[in-house]
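# Summary of the model geometry
Given next are the chains, with one letter for each unit.
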Amino acid sequence: QVQLVESGGGLVQPGGSLRLSCSASGNIFIIYDMGWYRQLPGKQRDLAATITNVHTTTYADSVKDRFTTSRDNSKNTVYLRMNSLDPEDPALYFCYARITTVRPVVTIDFWGQGTQVTVAS
């Protein structure tokens, strides 16, 4: 089927930066929107950033001006550059992609397994 594999999470000091990557592979015909959600312990999963296949981006107010999402359509990969990380940002970050598969021809939201981001001195 389709796999989304994330990388780049880890521990960073307050004010530091990280870049997350997420690559999609498998039974892919078209990838539409890609993006990132984050989930704090005991909380629901909330949108952080999205990017369309023509590179139009949207951001949650809490990350606007600090996070930047981008994608490389030739590699089926989406990125999240996170700058000025603060104690509000630690969470499990999930990438997603809205994909039309080849067989069967259906459009589904696929999710990565999540990558942990920790902000601590």
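None of these values were measured; they are calculated from a predicted model.

In this section: the overall build of the protein chain. Secondary structure summary: the protein chain contains zero helices and 11 strands in total. Ordered by position from the N terminus, the helices and strands of the protein chain form the series β-β-β-β-β-β-β-β-β-β-β. Relative to a compact globule of 121 residues, whose C-alpha radius of gyration would be 14 Å, the protein chain shows 14 Å and is just as compact. Principal axes of the C-alpha set define a box for the protein chain whose edges measure 50 × 25 × 20 Å. In the protein chain, which comprises 121 residues, the share counted as buried stands at 40%. Roughly 6400 Å² of accessible area belongs to the protein chain as shown, and the carbon and sulfur atoms make up 50% of that amount. Considering the protein chain, the positive charge centre built from 11 side chains and the negative charge centre built from 10 side chains are found 6 Å apart.

The four strands lie next to each other as β1-β3-β8-β7, forming an open sheet whose pairing is antiparallel. Every interior strand has two partners, whereas the edge strands, β1 (2-7) and β7 (67-72), have only one. On average, each strand axis in the sheet is inclined to that of its neighbour by 15°, with strand direction left out of account. Pairing between strand β3 (residues 18-26) and strand β8 (residues 77-82): six bridges, direction antiparallel. Counterpart to cysteine 22 in the pairing with β8 is valine 78.

Now for unusual backbone geometry. Cis geometry marks the peptide bond from arginine 103 to proline 104; its omega dihedral reads 0°. With respect to the secondary-structure elements, proline 104 resides in the loop between β9 (91-101) and β10 (107-111). Even without glycine at this site, histidine 55 takes up a positive phi of about 70°. Its identity as a non-glycine residue notwithstanding, aspartate 65 has a phi of 75°, on the positive side. Mapped onto the elements of the fold, aspartate 65 is located in the loop between β6 (57-59) and β7. Under the relative-accessibility criterion, aspartate 65 is labelled exposed at 79%.

Rules used in this analysis
- Residues numbered from 1 in each chain as written.
- Predicted model: local features only at pLDDT ≥ 70, side-chain atom pairs only at ≥ 80, totals over all residues.
- Heavy atoms only, no water.
- Helix = DSSP H or I, 4+ residues; strand = E, 2+ residues; numbered from the N terminus.
- Rg over C-alpha atoms; globule rule 2.2 N^0.38 Å.
- Buried < 20%, exposed > 50% of the residue type's maximum accessible area, 1.4 Å probe, protein only.
- Areas by Shrake-Rupley, 256 points an atom, 1.4 Å probe, with all protein chains shown as cover.
- Lys, Arg positive; Asp, Glu negative; His and termini not counted.
- Charge placed at Lys NZ, Arg CZ, Asp CG, Glu CD.
- Pairing = 2+ DSSP bridges.
- Axes fitted to C-alpha atoms, helices over the stretch in contact; angles between N-to-C directions.

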